[in-house]
Amino acid sequence: MKKTKVIGIFGYNNTRLYDVKNLQNLAKKRFNAEILLIKEGISSADREVTPFCLDHKPEDPHITSILNEYLLSINLEMIVAMPFSDKGVIGAAHFANDMNLFGDDATTSLAMVDKKEFRVLEAVLMADALEYKIPFFDIANSEDEILRIYAKRRKFFIKPTSEGNSRGCMAINSLADVKAWLSQFRHLIPHGVICEEILSKNNEYSFDGVGNKFWITRKFTAEGAYRAEYQHIVPAPLNDDVRKRIHFHLEPLMKKLGSNGGAFHHEFFLLESGQIASVVPNRRPAGMWIWDLASWAHIDFDPWMRWMDHCVNGFSPKFELKPDGFAGIRAVIAKQNGVLKKLDMASMRAELFELFGEDNVRIAALKEVSQKVNSVPRDNSDFLGYVALRNKEYDRLLVSLEKANEIFIKYCEVLPCD
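Bear in mind the structure is a predicted one, so any value in this text is a computation, not a measurement. (Residues numbered from 1 in each chain as written. Predicted model: local features only at pLDDT ≥ 70, side-chain atom pairs only at ≥ 80, totals over all residues. Heavy atoms only, no water.)

Student: Sorry if this is basic, but what is going on with the overall build of the protein here?
Tutor: On a plain count of helices and strands, the protein comes out with twelve helices and 19 strands. A compact globule built from 418 residues would reach a C-alpha radius of gyration of about 22 Å, and the protein, at 21 Å, matches this within 12%. Seen through its C-alpha atoms, the protein measures out along the principal axes to roughly 60 × 55 × 50 Å. Of the contacts formed within the protein by residues at least 6 apart in sequence, a portion of 68% connects residues at least 24 apart. Total accessible area computed for the protein in this model is approximately 19,000 Å², and 50% of it derives from carbon and sulfur atoms. Charge separation in the protein, taken as the distance between the mean sites of 54 positive and 56 negative side-chain charges, equals 1 Å. (Helix = DSSP H or I, 4+ residues; strand = E, 2+ residues; numbered from the N terminus. Rg over C-alpha atoms; globule rule 2.2 N^0.38 Å. Contact = heavy atoms within 4.5 Å. Areas by Shrake-Rupley, 256 points an atom, 1.4 Å probe, with all protein chains shown as cover. Lys, Arg positive; Asp, Glu negative; His and termini not counted. Charge placed at Lys NZ, Arg CZ, Asp CG, Glu CD.)

Given below as structure tokens:
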């Protein structure tokens, strides 16, 4: 019996179901293949997308035997392993290596998930202190260790070693901050936390790429301790000298971190000293629609198609990124804590389309009526929704995103909790 070809999608959360469906369409269109979802906690929503689902830890480096048993049991042939989450980087890289499929490096895959492993690897790879800043860091596995680090450092940024989506990340500037972090995230301590130098409050970017083509994304973070990312602009408005310097240092770093041309989302700061300082590497597609923004902001560029083609074929054809204006996304933050009582998406969509043009707008709600909302976002799960726009001019795009944010909030009613 002829086997059904599948493309493995290693790890994802359901907020990115739109992207998974896009990958599913590409798989069928370009390679006559289905998709196989590998994640923990397979849901009915996952099975509605594809009947091929394996409920397993995508970060398991020994996943190959279990996955091969599953493939054999229902007559499937996996033609490529594509990591779609931080944890999925590990399983995808090890399976590809074990099965002689194209993939990114397996030996460095843990450093894409474990922030301690990345800092250790970074210290070996980057020695030029004049151009590249390596922060101090301490590892803690107990409350007492966190308190001892505070007594020594006084200021640092704390984050779980192996969590994504900014969960548990917070700037510590006082003992009160330490106690506030412990009250919310104490349960993360057994898995390890890293306390590292606060690098900057501003000038945060990401170096995004796929198929050996890279662009720079400008990031905006909320005020306060949690520093949630609420806005992204593609491409970042940098002069040619700065842009070339970033590419000069970070393109080789991507290869040293194990990229063979797959998806990459590397967060970094441009410090006032002129140095580059990495925040965290991610060998998977960027979130918050950044790849879709890149498609909007460049001529004839589809990152999703390039990713799948590169992974299946093992190479990418020559291609020159040609900028075509700017694209941005705004994550909408509630004005007050409470419960979302009303969300009029139809009226919101109509006003945004009329003001900016239907082809220049994309919106999505992240909260449903009756859900609790937070005016101080701790991570991406606290946003009301997303609105994305494009414009030929950077300054006009910023103004438009602010206006779009106001329109989104206008059609949301948030009432205090009883």
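Student: Where do I start with the packing of helix α1 (residues 17–31) against helix α10 (residues 303–313) in this structure?
Tutor: The description of two helices packed together rests on the angle between their axes and the distance between the axes. At their nearest, the axes of α1 and α10 sit 10 Å apart, and the two run at 55° to each other. Comparing their axes, α10 and α1 come out oblique. Crossing of α1 over α10 shows right-handed handedness. Contact residues: α1 offers D19, N22, L23, L26, A27, R30 and F31, while α10 offers W304, M305, W307, M308, D309, V312 and N313. (Axes fitted to C-alpha atoms, helices over the stretch in contact; angles between N-to-C directions. Parallel < 35°, antiparallel > 145°, perpendicular 65-115°, else oblique. Left-handed = near helix turned anticlockwise from the far one by under 90°.)

Student: Hey, could you run me through the packing of helix α9 (residues 290–297) against α10 in this one?
Tutor: Close contact between α9 and α10 brings their axes to 9 Å; oriented N to C, the two are set at 110°. When the axes of α9 and α10 are compared, the pair comes out roughly perpendicular. In this structure, α9 uses W291, D292, A294 and S295 to contact α10, whose residues at the interface are P303, W304 and W307. When grouped by side-chain class, the residues that make up the contact of α9 with α10 number five nonpolar, one polar and one charged. (Nonpolar A, V, L, I, M, F, W, Y, C, P; charged D, E, K, R; others polar.)

Student: What should I look at first to understand unusual backbone geometry in this one?
Tutor: Glycine aside, residues mostly have negative phi angles, and peptide bonds mostly take the trans form. Each neighbour pair has its own omega, and for V234 with P235 the value is -10°, a cis peptide bond. Relative to the helices and strands, P235 is located in the loop between β11 (229–234) and α8 (240–256). Of note, N203 is a non-glycine position whose phi angle comes to about 55°, a positive value. Relative accessible area serves as the criterion here: at 29%, N203 is assigned to the partly exposed category. Even without glycine at this site, D300 takes up a positive phi of about 50°. (Buried < 20%, exposed > 50% of the residue type's maximum accessible area, 1.4 Å probe, protein only.)

Student: Would you mind going over the layout of surface pockets with me for this structure?
Tutor: The gaps left among the atoms become clear once a water-sized probe is rolled over them. Estimates place the volume of the second largest pocket at around 370 Å³. What lines the second largest pocket is a set of 15 residues, and nearest its centre among them are F214, W215, R243, H247 and L321. Elements with a contribution of two residues or more to the lining of the second largest pocket: β10 (213–221) and α8. Here the lining of the second largest pocket gets four residues from one element, more than from any other, and that element is β10. Residue classes in the lining of the second largest pocket are distributed as eight nonpolar, three polar and four charged. (1 Å grid on protein atoms, 1.4 Å probe; cavity = no way out; pocket = protein on both sides within 12 Å on 5 of 7 lines; lining within 4 Å. Points joined across faces, edges and corners; volume = space filled by probe spheres on them.)

Student: Mind showing me how you'd approach the side chain of E196 here?
Tutor: On the secondary structure map, E196 appears in strand β8 (residues 193–196). A polar side-chain atom of E196 sits 3.0 Å from a polar atom in the side chain of R119. Of note is the side chain of E196, whose polar atom sits 2.8 Å from the side chain of K159. Once residues lying within four places of it in the same chain are set aside, the contact partners of E196 are R119, F136, F137, F156, F157, K159 and V279. (Polar contact = N/O pair within 3.5 Å; in protein donor to acceptor, adjacent residues only side chain to side chain.)

Student: Looking at this model, I keep getting lost on the packing of aromatic side chains. Mind explaining?
Tutor: In this description, a pair of aromatic rings is defined by centroid distance and the angle of the planes. Evaluation of the coordinates by the stated rule reveals 15 aromatic pairs. Considering the side-chain rings of F10 and F95, the 6.4 Å spacing of their centres and the 40° angle between planes classify their relative orientation as tilted. Here F10 is found in strand β1 (residues 4–10), whereas its partner F95 is found in helix α4 (residues 86–98), with 85 residues between them in sequence. The same class applies to F10 as to F95, namely buried. Ring centres 5.8 Å apart and planes at 25° place the aromatic pair Y205 and F268 in the stacked group. Taken together, the positions of Y205 in strand β9 (residues 204–210) and F268 in strand β12 (residues 264–270) put the pair 63 residues apart, joining distant regions of the chain. A cation over a ring is seen here: K39 above Y12, with NZ or CZ 4.9 Å from the ring centre. (Phe/Tyr/Trp six-rings, centres within 6.5 Å; stacked < 30°, edge-to-face > 60°. Lys NZ or Arg CZ within 6 Å of the ring centre and 35° of its normal.)

Student: Where do I start with the pattern of salt bridges in this structure?
Tutor: Pairing between side chains of opposite charge can happen when the charged atoms of each approach one another. In this structure the tally under the stated criterion is 22 salt bridges. In this structure, D138 engages K152 in a salt bridge whose closest nitrogen and oxygen atoms are separated by 3.3 Å. Within this pair, whereas D138 is found in strand β5 (residues 137–140), its partner K152 is found in helix α6 (residues 143–153), the two being separated by 14 residues in sequence. Given the relative accessible area of 13%, D138 is considered buried. (Salt bridge = Lys/Arg side-chain N within 4 Å of Asp/Glu carboxyl O.)

Student: Where do I start with empty space enclosed by the protein in this structure?
Tutor: Counted according to the given criterion, the structure contains one cavity of 30 Å³ or more. The computed volume of the largest cavity comes to approximately 110 Å³. For the largest cavity, the lining is made up of 14 residues, of which A81, P83, G103, D104 and C311 are closest to its centre. The leading source of residues in the lining of the largest cavity is α4, at four residues. Grouping the amino acids of the lining of the largest cavity by side-chain chemistry returns ten nonpolar, two polar and two charged.

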